[in-house]
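# Architecture and fold: a report
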Amino acid sequence: MEVRRRGFLGGLLAASRAFAAPGIRVGCQTRIYGVPIKDTQRLLSILDDLRAIGYEGFETNFASLEASFADPAPLRVEFEKRGVPLIGL
């Protein structure tokens, strides 16, 4: 039986929630998609996938966001639209 990445991550997320204490949010490190993710549109597409799976936040390599350091507001709006906030670098 072939298990696709999205199915595997969804199962892992469901299992982690079963054992998580109330109030704990489950996030994802984007390293599984490559390091760093320099293409902003690709990063946003990944966040769409993470939200569809059920993740509540993400962590990524600082270099994935480096192009937005001078003006982070537009990218932050995109994160908020997707409902997957940046938890850490």
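Let me sum up the structure you'll find in this document. Residue indices begin from 1 for each chain and proceed along its sequence in written order. The predicted origin of the model limits local features to residues at a pLDDT of at least 70 and limits the giving and counting of side-chain atom pairs to 80 or more, whereas totals for whole chains, interfaces and linings rest on all residues. For the side-chain quantities, the full set of heavy atoms in the structure was used; hydrogens and water were omitted.

## Concerning a nonpolar patch on the surface
- Taken together, the side chains of Phe62, Phe69, Leu86 and Leu89 make up a nonpolar region of the molecular surface, amounting to roughly 400 Å² of accessible area.
- Relative to the helices and strands, leucine 86 resides in strand β3 (residues 86–88).
- Three exposure classes are used, based on accessible area relative to the maximum for each residue type with a 1.4 Å probe and protein chains only: buried under 20%, partly exposed in between, and exposed over 50%. Its relative accessible area of 34% is what places leucine 86 among the partly exposed residues. Each patch groups residues whose relative accessible area exceeds 30% and which form no salt bridge, using 9 Å between like charges and 5 Å between nonpolar side chains of Val, Leu, Ile, Met, Phe, Trp and Tyr. Values of accessible area rely on a 1.4 Å probe in the Shrake-Rupley scheme; residue burial ignores everything except the protein chains shown. A pairing counts as a salt bridge when a side-chain nitrogen of Lys or Arg comes within 4 Å of a carboxyl oxygen of Asp or Glu. The helix and strand labels rest on DSSP assignments: H or I over at least four residues marks a helix, E over at least two residues marks a strand, and numbering proceeds from the N terminus.

## A look at helix α2 (residues 40–53)
- Along its 14 residues, α2 runs 20 Å from first to last C-alpha, staying within 8% of the 20 Å computed at 1.5 Å per residue.
- Listed in full, the buried residues belonging to α2 are Leu43, Leu44, Ile46, Leu47, Leu50 and Ile53.
- Polar contact criterion, stated in full: a pair of N or O atoms within 3.5 Å, where within protein one must be able to donate a hydrogen and the other to accept it, and residues adjacent in sequence count only if both atoms are side-chain atoms. For α2, the capping residue at the N-terminal end is aspartate 39, with a side-chain oxygen 3.1 Å from the backbone nitrogen of glutamine 41.
- Phi turns positive one or two residues past the end of α2, at glycine 54, with a value near 120°. Here a helix's expected span is defined as the number of its residues, less one, multiplied by 1.5 Å.

## What to know about the packing of aromatic side chains
- Only Phe, Tyr and Trp rings are paired, with Trp represented by its six-membered ring, and only when their centres lie within 6.5 Å; those with planes under 30 degrees apart are stacked, over 60 edge-to-face, the remainder tilted. One pass over the structure, following the stated rule, counts 1 aromatic pair.
- Look at phenylalanine 58 and phenylalanine 79: their rings are 5.1 Å apart centre to centre, the planes differ by 80°, and that puts the pair in the edge-to-face class. Of the two residues, phenylalanine 58 sits in strand β2 (residues 58–59) while phenylalanine 79 sits in helix α3 (residues 73–82), which places them 21 residues apart along the sequence.

## Focus: the side chain of arginine 82
- Mapped onto the fold, arginine 82 is located in helix α3.
- Within polar-contact distance, the side chain of arginine 82 engages the side chain of aspartate 48 at 2.9 Å.
- There is a polar contact of 2.7 Å between the side chain of arginine 82 and the side chain of glutamate 78.
- The residues contacting arginine 82, other than those within four sequence positions of it, are Leu44, Leu47, Asp48 and Arg51. Any two residues whose heavy atoms approach within 4.5 Å are treated as being in contact.

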